[in-house]
Amino acid sequence: MNGSSTDPAEGSEQPDAREEIMRATYHILCAEGYAGLTMRAIATEAGTSKSLIHYHYDTKDDLLLAFLDRFIDRLDKFLAEIQAETDDHEARLVAFLDRFVVDPDEDERQSFWRALLELRLRAAHDEEFREQLEANNEAIREALTEIIAEGIDDGAFREVDPRATADLILDALEGARTRQATLGTDDAPLGTHESVREHVVSDLLA
């Protein structure tokens, strides 16, 4: 946090203002949940003013939609990183799945998932949120489908339907995270990195 307050009308806006706002949004969701996310709280956490936040985002919903949209950009960067790091299909699959697994002792990620689950409930009655979440989910599923398909083509994974397998894996992981977030169980199926590697990755290996 830069601790500064900036008036956009003066033309002195910090170049990373949006990043600070998004970072503050993440921290508040982790600490306070969706109910605690207000423009005032975001401004305080970011060390800026509400006027600057409203300069970028007319409403809290606009801000949250932008926050969710960032997941696709971050996913693209992550995929580029693991592609550059290794040619090993199993390693790429493990790295990808680890990103969507929340171990019981990962308190910050557990808190964020609970807040995200609250936010996702908006999709049931809000078309904009539903469309954004659908875009996020499709990007994730396409990425996993491609990883599995490439592994099959190179003989690293056994012959399966890549898309159907990606759907099954991601739905199972989401179920595990939801169970952890709502019931607090430490032994949820596929609720740890180790269990995912044992029951998902090993089953795909040729």
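Residues numbered from 1 in each chain as written. Predicted model: local features only at pLDDT ≥ 70, side-chain atom pairs only at ≥ 80, totals over all residues. Heavy atoms only, no water.

## Considerations on the packing of helix α1 (residues 17-32) against helix α6 (residues 107-120)
Stage number 1. Axis separation between α1 and α6 bottoms out at 7 Å; the angle between their running directions is 90°. Looking at the two axes, α1 sits roughly perpendicular to α6. For the pair α1 and α6, contact is made by Tyr26, Leu29 and Cys30 and by Glu108, Ser111, Phe112 and Ala115, respectively.
Stage number 2. Here the residues of the contact of α1 with α6 sort into five nonpolar, one polar and one charged. (Axes fitted to C-alpha atoms, helices over the stretch in contact; angles between N-to-C directions. Helix = DSSP H or I, 4+ residues; strand = E, 2+ residues; numbered from the N terminus. Parallel < 35°, antiparallel > 145°, perpendicular 65-115°, else oblique. Contact = heavy atoms within 4.5 Å. Nonpolar A, V, L, I, M, F, W, Y, C, P; charged D, E, K, R; others polar.)

## Things to note about the packing of aromatic side chains
Stage number 1. Going through the model one piece at a time under the given rule, you end up with five aromatic pairs.
Stage number 2. Considering the side-chain rings of tyrosine 26 and phenylalanine 112, the 4.9 Å spacing of their centres and the 45° angle between planes classify their relative orientation as tilted. Of this pair, tyrosine 26 sits in helix α1 while phenylalanine 112 sits in helix α6; the two residues are 86 residues apart in sequence, bridging distant segments of the chain.
Stage number 3. The class of tyrosine 26 is partly exposed, set by a relative accessible area of 22%.
Stage number 4. Geometrically, the ring pair formed by phenylalanine 67 and phenylalanine 71 is edge-to-face, given 5.9 Å between the ring centres and 90° between the ring planes. (Phe/Tyr/Trp six-rings, centres within 6.5 Å; stacked < 30°, edge-to-face > 60°. Buried < 20%, exposed > 50% of the residue type's maximum accessible area, 1.4 Å probe, protein only.)

## Section: the environment of leucine 75
Stage number 1. By secondary structure assignment, the location of leucine 75 is in helix α4 (residues 60-85).
Stage number 2. With a relative accessible area of 5%, leucine 75 lands in the buried category.

## Section: α4
Stage number 1. Here α4 contains 26 residues, and its C-alpha end-to-end distance of 37 Å stays within 8% of the 38 Å for a straight helix at 1.5 Å per residue.
Stage number 2. When α4 is considered as a whole, its buried residues turn out to be Leu63, Leu64, Leu65, Phe67, Leu68, Ile72, Leu75, Phe78, Leu79 and Ile82.
Stage number 3. Check the buried side of α4 and you find it contacts α1, α2 (39-46), α3 (50-56), α5 (89-98), α6 and α7 (127-153). (Expected span 1.5 Å × (residues − 1).)

## A closer look at the confidence of the model for the chain
Stage number 1. Across the chain, the average pLDDT comes to 86, with 90% of residues at 70 or higher.
Stage number 2. Per-residue pLDDT, averaged within each element of the chain, yields its smallest value for α6 (87) and its largest for α7 (95).
Stage number 3. Low pLDDT, under 50, characterises residues 1-15; the predicted model gives this stretch 30 contacts beyond four residues in sequence or across chains. (pLDDT = per-residue confidence, 0-100.)

## Focus: the packing of α4 against α5
Two numbers describe a pair of packed helices, the interaxial angle and the distance between the axes.
Stage number 1. Where α4 contacts α5, the two axes come as close as 10 Å, and the packing angle between them is 150°. When the interaxial angle is binned, α4 and α5 end up roughly antiparallel. Seen along the crossing, α4 lies across α5 with a hand that is right-handed. Within the contact between the two elements, α4 uses Leu75, Phe78, Leu79, Ile82 and Gln83 and α5 uses Arg92, Ala95 and Phe96.
Stage number 2. The residue makeup of the contact of α4 with α5, split by class, is six nonpolar, one polar and one charged. (Left-handed = near helix turned anticlockwise from the far one by under 90°.)

## Focus on α5
Stage number 1. Most of α5 is tucked away: seven of the 10 residues are buried.
Stage number 2. Of all the residues in α5, the buried ones are His89, Arg92, Leu93, Val94, Phe96, Leu97 and Asp98.
Stage number 3. Between the side-chain oxygen at the start of α5 and the backbone nitrogen of glutamate 90 there is a gap of 3.1 Å, and the oxygen is on aspartate 88. (Polar contact = N/O pair within 3.5 Å; in protein donor to acceptor, adjacent residues only side chain to side chain.)

## Notes on the pattern of salt bridges
Stage number 1. Scanning the entire structure with this criterion turns up 14 salt bridges.
Stage number 2. One salt bridge connects arginine 92 with glutamate 150, and the closest N-O pair in it is separated by 3.9 Å. Placement of arginine 92 in helix α5 and of glutamate 150 in helix α7 is noted, with a sequence separation of 58 residues between them.
Stage number 3. Take glutamate 150: its relative accessible area is 26%, and that puts it in the partly exposed class.
Stage number 4. The salt bridge involving glutamate 138 is made with arginine 163; its shortest N-O contact spans 3.1 Å. With a gap of 25 residues between them, glutamate 138 in helix α7 and arginine 163 in helix α8 (residues 162-183) connect regions that are remote in the sequence.
Stage number 5. Under the relative-accessibility criterion, glutamate 138 is labelled partly exposed at 30%. (Salt bridge = Lys/Arg side-chain N within 4 Å of Asp/Glu carboxyl O.)

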